[in-house]
Amino acid sequence: RKEVEQDPGPFNVPEGATVAFNCTYSNSASQSFFWYRQDCRKEPKLLMSVYSSGNEDGRFTAQLNRASQYISLLIRDSKLSDSATYLCVVNMELNYGQNFVFGPGTRLSVLP
Amino acid sequence: DGGITQSPKYLFRKEGQNVTLSCEQNLNHDAMYWYRQDPGQGLRLIYYSQIVNDFQKGDIAEGYSVSREKKESFPLTVTSAQKNPTAFYLCASSIPQGANTGELFFGEGSRLTVL
């Protein structure tokens, strides 16, 4: 089983749609969680951290369920500019440092 | 402006040649990382360094080498032993362990093509 798994995608949605991405992780000792956005041929950029209480940033809402080892990202009222690949990242602090594990990403295309 | 600078952005190499990718950061971060990304795939860890003069192999270290002589610099050498080096290479850094949002800061990447 892969350490971090995501919806395979791609997701093709019309403008204004609501879309949800799912991510599961295998290591229960994981401590922090993130969603990154990566545009085509560019570096990943932090979209938002994910907290146990859930957090919202404008049209974006992230949720964490530690018991189920599950993370989600919800995008409301999608815009053309939301088209990108969304990477789920899980971090675990170890004795020798931090271990960031990336999911394979889910590609989103928002269509006019 | 603080950040991570990678160079070159694009690099072409003939088979059998070693190439070195530069990564410099002025964020005062202790930890630095090199990742490789192939088309349609996620990031895979090549090497990482938590502190100057120390580095550890990641999941796909074979055919690569690194050094960490200065806090600001973490160059990656792609050697001729790397069988399939054509890829997008990303350097990243993070704030010290325990300090922590755990966020990774990335450079713009270096795209290596072997001819």
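Computed from a predicted structure; not experimentally measured.

1. Considering the overall build of chain A
Here comes step 1: Of regular secondary structure, chain A possesses zero helices and eleven strands.
Here comes step 2: Traced from its N-terminal end to its C-terminal end, chain A shows the element sequence β-β-β-β-β-β-β-β-β-β-β.
Here comes step 3: Its C-alpha radius of gyration of 14 Å places chain A within 12% of the 13 Å reference for a compact globule of 112 residues.
Here comes step 4: Taken along its principal axes, the extent of the C-alpha atoms in chain A is 50 × 30 × 25 Å.
Here comes step 5: Counting every position in chain A, which comprises 112 residues, the buried fraction comes to 49%.
Here comes step 6: Restricting the contact set of chain A to residue pairs at least 6 apart, pairs at least 24 apart contribute 56%.
Here comes step 7: Carbon and sulfur atoms provide 49% of the accessible area of chain A, an area that totals close to 5,400 Å².

2. Re the pattern of salt bridges
Any two side chains of opposite charge can pair, given that their charged atoms come close.
All names here are of chain B.
Here comes step 1: Applying the stated rule across the entire model yields eight salt bridges over all chains.
Here comes step 2: Note that aspartate 38 and arginine 44 form a salt bridge whose closest N and O atoms lie 2.7 Å from each other.
Here comes step 3: Using a relative accessible area of 33% as the deciding quantity, one classes arginine 44 as partly exposed.
Here comes step 4: Connected through shared salt-bridge partners, Arg36, Asp38 and Arg44 make up one network.

3. Concerning the nonpolar core
Nonpolar side chains tend toward joint burial in soluble globular proteins.
Here comes step 1: Counting 24 residues, the largest nonpolar core has Phe21, Trp35, Ile71, Leu73, Ile75, Tyr86 and Leu108 of chain A as the members making the most contacts within it.
Here comes step 2: For this core, the secondary structure elements donating two or more residues are β3 (19-25), β4 (32-38), β5 (45-50), β7 (60-65), β8 (70-75), β9 (84-94) and β11 (106-111) of chain A.
Here comes step 3: Not counting the four nearest positions on each side in its chain, phenylalanine 21 of chain A is found in contact with Asp7, Phe11, Trp35, Ile71, Ser72, Leu73, Ile75, Tyr86, Thr106 and Leu108 of chain A.
Here comes step 4: Within the second largest apolar cluster, 20 residues are counted, among which are Ile4, Leu21, Tyr64 and Val78 of chain B.

4. Examining the pairing of strand β1 (residues 4-7) of chain B
Residue and element names in this part refer to chain B.
Here comes step 1: Of the two faces of β1, the one lined by Ile4 and Gln6 is fully buried and the one lined by Thr5 and Ser7 carries no buried residue.
Here comes step 2: Of the strand pairs in this sheet, β1 and strand β3 (residues 19-25) are connected by four bridges, and their pairing is antiparallel. When the sheet's bridge partners are listed, threonine 5 is paired in β3 with glutamate 24.

Each value, and the rule that gives it
Counting starts from 1 at the beginning of each chain's written sequence and moves along it residue by residue. Following the order in which they are written, the chains are lettered starting with A and the ligands numbered starting with 1. Under the rules for a predicted model, residues below a pLDDT of 70 receive no local features and side-chain atom pairs below 80 are neither given nor counted, while totals for whole chains, interfaces and linings still include all residues. With hydrogens and water stripped out, all remaining heavy atoms of the structure feed into the side-chain values. What counts as a helix is a DSSP run of H or I of at least four residues, what counts as a strand is a run of E of at least two, and both are numbered from the N terminus. Our radius of gyration is a C-alpha quantity, and the globule rule it is checked against amounts to 2.2 Å times the number of residues to the power 0.38. The buried label goes to any residue with under 20% of its type's maximum accessible area, the exposed label to any with over 50%, and the partly exposed label to all in between, with areas taken from a 1.4 Å probe on protein chains only. Contacts are assigned to residue pairs with any non-hydrogen atoms lying within 4.5 Å of each other. Per-residue and other accessible areas were derived by the Shrake-Rupley procedure at a 1.4 Å probe size, with only the shown protein chains allowed to occlude residues. We define a salt bridge as a side-chain nitrogen of Lys or Arg found within 4 Å of a carboxyl oxygen belonging to Asp or Glu. Residues belong to a common nonpolar core when they are buried Ala, Val, Leu, Ile, Met, Phe, Trp, Tyr or Cys residues joined through side-chain atoms within 4.5 Å. Any two strands with at least two DSSP bridges between them are considered paired.

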